[in-house]
Amino acid sequence: MKVTLFFVLIAAIAVLGQGDFDLVERIVLDDFTNGANTHGISITLSADLGVNDPDRTETAMFDAGSGCTGLLGCERDMSLTVILGLQGRSFSSDIFTSPASYYFDAEWAISNPKNSESETLLQYDGRDGSIDLDISGLGSVDLTVGGSVEFLRISAVSDLDTTYVFTAYSPNGNTCEADLDVFQAVGSYDYYESFVFFDIDDFSGNCDLTNVGAIEVSLFSNDALDAIVRQIAFVGEGVPSNTPTPSAPPPGGFTWYTFDDDDNYRSSCDEERPRPNYFMHNDNIIYYYFHEVIYYESSSSASI
């Protein structure tokens, strides 16, 4: 008997990646496309730097111009401070483009050598052309976006356990802080496994997250470290506020489809919020056809 089986798999190009379908980016602090392959700092020590020596600090600013996208405030100020190190050792903080096959287009890469200490800082306080902090430089940004933000999210990988410190400044000088722990990456990984989330309600401090004038992200290292961040964003559930609800297609026009993501290993008996539908154009649906022929013997002379 011969049985022919056909399978159709619809692969949707969705709002976000696997395991993150129901979160949308409300504010992108930095996607690192601005200044990629241009913005960076490198320090090589010409002599040992000890505990009794003054720190060595280098700064670099990148102005993306007014009306930029992917960079809050349209300027990124960077500093790299070497605290301890040996002669000939190199430290770096760079913005690079990512390979074309990667999910994100660019990244912030930090490299710190063995037997050393350093701190790297990214500062977002508007287009002031200076590393001097302006706590009103962003004006009055609502990082909660009217209460729709649930998490601060970064995409990060590191060859050692490390912690990124995120500090928000209100124009009155009050601050809030979040420590985002990134654990050592072992072996290969998918991009969605690099996401680190911090609940917006868990910020410490007394700033007003609905009124933020400056933001800093820092990383301290005291070991041989290579670390990469590919996006910093504030995310929340649901359809983006600037996304219109699709209307019925006109005659002969395009077709809209809705889909629901898979269960992501969830039990069907678990209590969970209803999952939203997402809308996409027919051009953004890829159909995969798998054809399989199965043969097996039958004692009957009848064919099916």
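Residues numbered from 1 in each chain as written. Predicted model: local features only at pLDDT ≥ 70, side-chain atom pairs only at ≥ 80, totals over all residues. Heavy atoms only, no water.

Visitor: Go over the overall build of the protein, please, and point to the residues and values.
Guide: Of regular secondary structure, the protein possesses zero helices and 18 strands. When each of the 304 residues of the protein is scored for burial, the buried share is 38%. Put simply, of all contacts in the protein between residues at least 6 apart along the chain, 77% involve residues at least 24 apart. Just so you have it, the protein exposes about 16,500 Å², and 50% of that area is on carbon and sulfur atoms. (Helix = DSSP H or I, 4+ residues; strand = E, 2+ residues; numbered from the N terminus. Buried < 20%, exposed > 50% of the residue type's maximum accessible area, 1.4 Å probe, protein only. Contact = heavy atoms within 4.5 Å. Areas by Shrake-Rupley, 256 points an atom, 1.4 Å probe, with all protein chains shown as cover.)

Visitor: Before we move on, can you summarise the state of the cysteines with the specific residues and values?
Guide: Summed over all chains, the structure comprises two disulfides. Linked covalently through their sulfurs, C68 and C74 form a disulfide whose S-S length is 2.2 Å. The sign of the S-S torsion, about -105°, decides the handedness of the disulfide formed by C68 and C74: left-handed. Assigned by exposure class, C68 and C74 land together as buried. A disulfide bridge connects C176 with C207, and the sulfur atoms are separated by 2.1 Å. Across the disulfide from C176 to C207, rotation about the S-S bond amounts to roughly -115°, and the bridge is consequently left-handed. Here C207 lies in the loop between β13 (204-205) and β14 (214-221) and C176 lies in strand β11 (residues 175-182), a separation of 31 residues in the sequence. (Disulfide = S-S within 2.5 Å.)

Visitor: So what's going on with the pairing of β14? Residues and values would help.
Guide: Of all eight residues in β14, seven are buried, a share of seventy percent or more. As paired strands, strand β8 (residues 117-124) and β14 are joined by seven bridges and run antiparallel to one another. Along β14, the bridge assignment pairs T120 with L219. (Pairing = 2+ DSSP bridges.)

Visitor: Describe in detail empty space enclosed by the protein, supporting the description with residues and values.
Guide: Using the criterion set out here, one finds one cavity of 30 Å³ or more in the structure. The computed volume of the largest cavity comes to approximately 40 Å³. Contributing to the lining of the largest cavity are L152, I154, Y164, F166, L180, V217 and I232. Among the secondary structure elements, those contributing two or more residues to the lining of the largest cavity are β9 (151-158) and β10 (162-169). Partitioning the lining of the largest cavity into residue classes produces seven nonpolar, no polar and no charged. (1 Å grid on protein atoms, 1.4 Å probe; cavity = no way out; pocket = protein on both sides within 12 Å on 5 of 7 lines; lining within 4 Å. Points joined across faces, edges and corners; volume = space filled by probe spheres on them. Nonpolar A, V, L, I, M, F, W, Y, C, P; charged D, E, K, R; others polar.)

Visitor: Which residues make up the pattern of salt bridges, and what are the values?
Guide: By the definition in use, this model includes six salt bridges. Between D30 and R76 there is a salt bridge whose closest N-O contact spans 2.7 Å. Of this pair, D30 sits in strand β2 (residues 23-30) while R76 sits in strand β5 (residues 75-84); the two residues are 46 residues apart in sequence, bridging distant segments of the chain. Accessibility classification places D30 together with R76 in one group, the buried group. Between E107 and R230 there is a salt bridge, with the nearest N and O atoms lying 3.0 Å from each other. Of the two residues, E107 sits in strand β7 (residues 106-112) while R230 sits in strand β15 (residues 225-237), which places them 123 residues apart along the sequence. The burial state of E107 is the same as that of R230; both residues are buried. (Salt bridge = Lys/Arg side-chain N within 4 Å of Asp/Glu carboxyl O.)

Visitor: Account for the sheet that holds β8, with residues named and values stated.
Guide: Ordered in space as β4-β5-β8-β14-β10-β11-β13, the seven strands form an open sheet in which the pairing is antiparallel. In this open sheet, the two strands that pair with only one neighbour each are β4 (56-63) and β13.

Visitor: Tell me what's going on with the environment of G85, and back it up with residues and numbers.
Guide: Along the chain, the position of G85 falls in the loop between β5 and β6 (90-97). Dropping the residues within four chain positions of it, G85 is found in contact with L45, D48, L49, F91, N115 and S116.

Visitor: Describe a negative patch on the surface, naming the residues involved and giving the relevant values.
Guide: A contiguous patch of negative charge on the surface is contributed by D161, E177, D179 and D181. Topologically, D181 is positioned in strand β11. Judged by relative accessible area, which is 40%, D181 ranks as partly exposed. (Patch = residues over 30% accessible without salt bridge, like charges linked within 9 Å, V, L, I, M, F, W, Y side chains within 5 Å. Lys, Arg positive; Asp, Glu negative; His and termini not counted. Charge placed at Lys NZ, Arg CZ, Asp CG, Glu CD.)

Visitor: Residues and numbers for the nonpolar core, please.
Guide: Counting residues in each nonpolar core, the largest one holds 52 residues, and the members touching the most others are Y164 and F166. A total of five residues in this core trace back to one element, the largest contributor, which is β15. Not counting residues up to four positions away in its chain, the partners in contact with F166 are L29, L152, C176, E177, A178, L180, F203, I215, E216, V217 and F234. (Core = buried A, V, L, I, M, F, W, Y, C linked by side-chain atoms within 4.5 Å.)

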